[in-house]
Amino acid sequence: MSQTAGRSAGANVLIGLSFLFAAVALVVPLALIFSFALREGLGAYFSAILKPDTLHAILLTVVTAVIVVPINMVVGVALAWLVTRFKFRGQQLLIAVIELPAAVSPIVAGIVYLFLYGNQGLLGPLLQSSGLQIMFTPLAIVMVSLFVTAPYVARELVPLMRQQGTDDEEAALSLGANGWQMFCRVTLPNIRWGLVYGAVLTNARVMGEFGAVSVVSGSIRGQTNTLPLQINLLFNDFNIAGAFAAASTLALIAVITLVLKSALETWERR
Amino acid sequence: MAQHRSKHLLPGFGLSMGISLFYLTLVILLPLAAMLLKVAGMGFPEFWRIISSNRALAAYRVTFSSAFFATIINGVVGLLLAWVLTRYRFPGRRILDALIDLPFALPTAVAGLVLVTLFAETGWYGQLLEPNGIKVNYTQLGIIAAMTFTSIPFVVRAVQPVLEEVDIDFENAAITLGASRWQVFTRIIWPTILPAFIGGCVLSFARSLGEFGAVVFIAGNLPGLTEIVSLLIFIRLDEYNYEGAAALAFVLLAVAFLTLIATNLLAAWQVRYVERKT
């Protein structure tokens, strides 16, 4: 880049302003989480995290992510394959439908599920008569999490696969590979970093989802409370130390997400 | 990419179409249809009465004006950050680049908790602001702060790739021909990044309209003053007023859908823009 040597004074001011903004808006808030979580020492920190309700919230959050992330990875690959490798009628509409969950308020995401599976919902009477309860159970949390993160993997893969084109795959087929061999030996290695990156983003969103989950979970302590809901409960109980201890686990995941993202982008470029 | 691909040159059309349609129907379309049916079932006069009630109007006003201010802040700051990250090489650049995505990686509830603590009377920022008469927590300023934080990355990430593509030769040629730095920016760079910039602003605005987690912590949620639409929907649900919740959710859904259309049009504009230039 031509401006590398001998930056102008103006450039230095702009760089300084950027760092100032990043410090005030990003670094200080992040530092505050860990500072407040550890304010009363490591012992208090661990005893706050090891409280049964918080522990259960951590467990529920992890289990939800373990179910949702693989499902949305498979579906994301299928969607990206469909959209980038074939042309068909309604393609634009399909892409718009995939994107909708990311554009809508998480509260709306929760509500649409309530009106499908809730007692006054479309399938409510049917579910009630067969004795099935979906709303306010961990299953509902899994379902809304699938909804809110549906676009994430496809969104990473579609531009990547468009740019890569189909030459490698066509070559594999012409050399006698069958569909699965082509997919496992050519497609998957080509898109692996994009796929991992999509999974990392999906995971971060699933673990952190608040609005949609708060509508469908019922927030029953020790039963259907995920970590973000637990933070809200502890905060409303004026248990600030407990809230920050729980928040620090999610903040740690956020930091790991950022580091992974940065690393994956570097690997992808190679 | 081959221009004329035969439809079945590559395998997996049936399988990927099957998975996609099954999943989209079950996870996205069916729940959406259930809500639309709920709204359709209440009749237009009832729907209109709910969405034009005074409390709803006040909630729109608070939500839209806060999102507007948050978007302006993020537009200016996003442009600055995108510019600095693409144009200069300096120590700490990669860390700054990675940090920008923090609001996407950090759960909104955590963001809300942090902001309300920072701006509390005794908080790190609050103790500097409150003596000067600036109260952030439980006012609209708090809502703006929460919306700003959660949508910081949108404009940066929209403008950054386009700015990287701007041909530096054009700029150098313009400068050789006697253009000032400011003229280069307004005549060459700004028109090129404009579609991406507007696209980023639209996404940022849409995200702010729908933001819930961060806002509920800091807003104080006073009806008419600091009550956002998402929260009003949540309150209606708590009151078992499902029609009220459905009607207001429909409004947010319609706005989100319009946003999607707008961003798609902007993306198409961007492509034509680039093609015209090359």
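Only a predicted model underlies this, so the values are computations on that prediction, with no experimental measurement involved.

Engineer: Honestly, the overall build of chain B in this entry has me stumped. Any pointers?
Structural biologist: Counting its secondary structure elements, chain B contains 14 helices and 0 strands. In sequence order, the secondary structure elements of chain B are arranged as α-α-α-α-α-α-α-α-α-α-α-α-α-α. In terms of overall dimensions, chain B has C-alpha extents of about 65 × 65 × 30 Å along its principal axes. Expressed as a percentage of its 278 residues, the buried residues of chain B come to 53%. Nonlocal contacts in chain B, meaning residues at least 24 apart in sequence, comprise 74% of its contacts between residues at least 6 apart. Accessible surface, chain B: about 12,800 Å² in total, of which carbon and sulfur atoms supply 68%.

Engineer: In this structure, what is going on with unusual backbone geometry? I would like to understand it.
Structural biologist: Glycine aside, residues mostly have negative phi angles, and peptide bonds mostly take the trans form. Non-glycine residue F238 of chain A carries a positive phi angle of around 60°. Relative to the assigned elements, F238 of chain A resides in the loop between α12 (227-236) and α13 (240-269). When its relative accessible area of 73% is taken as the criterion, F238 of chain A is described as exposed. Non-glycine residue Y240 of chain B carries a positive phi angle of around 60°. Mapped onto the elements, Y240 of chain B comes out in the loop between α13 (229-238) and α14 (242-277). On the basis of relative accessibility, which here comes to 63%, the residue Y240 of chain B falls in the exposed class.

Engineer: Whenever I open this one, the side chain of N137 of chain B confuses me. Can you help?
Structural biologist: Residue and element names in this part refer to chain B. Secondary-structure assignment places N137 in the loop between α7 (126-129) and α8 (140-150). N137 sits in the buried class, given a relative accessible area of 4%. A distance of 2.9 Å separates a polar side-chain atom of N137 from the backbone oxygen of V116. Non-local contacts of N137, meaning those with residues more than four positions away in its chain, are made with L115, V116, F119, A120 and I218.

Engineer: I tried to follow the nonpolar core on my own but got confused; where do I start?
Structural biologist: In globular proteins that are soluble, nonpolar side chains generally tend to be buried together. By size, the foremost hydrophobic cluster in this structure holds 182 residues, and its most contacted members are I111 and Y113 of chain A. At 14 residues, helix α3 (residues 54-87) of chain B tops the list of elements feeding residues into this core. Built from parts of two domains, this core gets at least three residues from each of domain 1 (8-37) and domain 2 (41-269) of chain A.

Engineer: I tried to follow the packing of helix α1 (residues 9-37) of chain A against helix α6 (residues 108-118) of chain B on my own but got confused; where do I start?
Structural biologist: For any two helices packed against each other, one specifies the crossing angle of their axes together with the interaxial distance. One way to put it is that α1 of chain A packs onto α6 of chain B with a least axis distance of 10 Å and a crossing angle of 90°. Taken together, the axes of α1 of chain A and α6 of chain B lie roughly perpendicular to each other. Listed contacts from α6 of chain B to V28, P29, L32, I33 and F36 of chain A of α1 of chain A are V110, V114, T117 and L118 of chain B. Of the residues belonging to the contact of α1 of chain A with α6 of chain B, the class tally is 8 nonpolar, 1 polar and no charged.

Engineer: Looking at this model, I keep getting lost on the interface of chain B and chain A. Mind explaining?
Structural biologist: Interfaces are often sized by the accessible area lost when the parts come together. In this assembly, 83 residues from chain B lie in contact with 92 residues from chain A. The contact between chain B and chain A buries some 7,900 Å² in all, and 80% of this surface belongs to carbon and sulfur atoms. Where K261 of chain A meets D101 of chain B, a salt bridge forms, and the shortest distance between an N and an O atom there is 2.7 Å. Summed over the shared surface of chain B and chain A, the number is 11 residue pairs in polar contact (both at pLDDT 80 or more). Here the element with the most residues in the side of chain B that touches chain A is helix α1 (residues 13-41) of chain B; it accounts for 20 residues.

Engineer: Teacher, can you tell me more about the confidence of the model for chain A here?
Structural biologist: Do not read the fine detail of predicted coordinates wherever pLDDT is low. For chain A, the average pLDDT comes to 90, and 97% of its residues sit at 70 or higher. Below pLDDT 50 for its whole length, residues 1-5 of chain A participates in 7 contacts with residues either more than four positions away or in separate chains.

Engineer: I'm lost on the domain arrangement of chain A in this one. Help?
Structural biologist: All names here are of chain A. In terms of domains, chain A is made up of domain 1 (8-37) and domain 2 (41-269). Computed from C-alpha atoms alone, the centre-to-centre distance between domain 1 and domain 2 is 30 Å. Facing the 6 residues of domain 1 at the interface are 9 residues of domain 2. Taking both sides of the interface into account, the surface hidden between domain 1 and domain 2 amounts to around 610 Å²; carbon and sulfur atoms contribute 88%. It is I33, F34 and A37 in domain 1 that bury the most area against domain 2; as a group they hold 67% of the surface buried on that side.

Engineer: What am I meant to see in the packing of helix α3 (residues 52-85) of chain A against helix α8 (residues 152-164) of chain A here?
Structural biologist: Residues and elements named next belong to chain A. At a closest axis distance of 8 Å, the pairing of α3 and α8 adopts a crossing angle of 35°. Between α3 and α8 lies a crossing whose hand is right-handed. Contacts between α3 and α8 involve N72, M73, G76, V77, L79, A80, W81, V83, T84 and R85 from the first element and V153, A154, L157, V158, M161 and R162 from the second. Residue composition of the contact of α3 with α8, grouped by class: 11 nonpolar, 3 polar and 2 charged.

Engineer: Explain the packing of aromatic side chains here, please?
Structural biologist: The description of two aromatic rings rests on the distance between their centres and on the angle between their planes. In total, this model carries 28 aromatic pairs over all chains according to the counting rule given. Consider the rings of F86 of chain A and F13 of chain B, whose centres lie 4.9 Å apart with planes at 75°: the pair is edge-to-face. With one member in each of two chains, F86 of chain A in the loop between α3 and α4 (91-103) and F13 of chain B in helix α1 form a pair that bridges those chains. Each of the two residues, F86 of chain A as well as F13 of chain B, counts as buried. Each member of the aromatic cluster is reached from another via a ring pair, and the members are F210 and F235 of chain A together with F212, F217 and F234 of chain B. If you follow R39 of chain A out to its NZ or CZ, it ends over the ring of F36 of chain A, 4.3 Å from the centre.

Cut-offs used in this document
Residues numbered from 1 in each chain as written. Chains lettered and ligands numbered in written order. Predicted model: local features only at pLDDT ≥ 70, side-chain atom pairs only at ≥ 80, totals over all residues. Heavy atoms only, no water. Helix = DSSP H or I, 4+ residues; strand = E, 2+ residues; numbered from the N terminus. Buried < 20%, exposed > 50% of the residue type's maximum accessible area, 1.4 Å probe, protein only. Contact = heavy atoms within 4.5 Å. Areas by Shrake-Rupley, 256 points an atom, 1.4 Å probe, with all protein chains shown as cover. Polar contact = N/O pair within 3.5 Å; in protein donor to acceptor, adjacent residues only side chain to side chain. Core = buried A, V, L, I, M, F, W, Y, C linked by side-chain atoms within 4.5 Å. Domains from an automatic or database assignment. Axes fitted to C-alpha atoms, helices over the stretch in contact; angles between N-to-C directions. Parallel < 35°, antiparallel > 145°, perpendicular 65-115°, else oblique. Nonpolar A, V, L, I, M, F, W, Y, C, P; charged D, E, K, R; others polar. Buried area = accessible area lost by both parts, 1.4 Å probe. Salt bridge = Lys/Arg side-chain N within 4 Å of Asp/Glu carboxyl O. pLDDT = per-residue confidence, 0-100. Left-handed = near helix turned anticlockwise from the far one by under 90°. Phe/Tyr/Trp six-rings, centres within 6.5 Å; stacked < 30°, edge-to-face > 60°. Lys NZ or Arg CZ within 6 Å of the ring centre and 35° of its normal.

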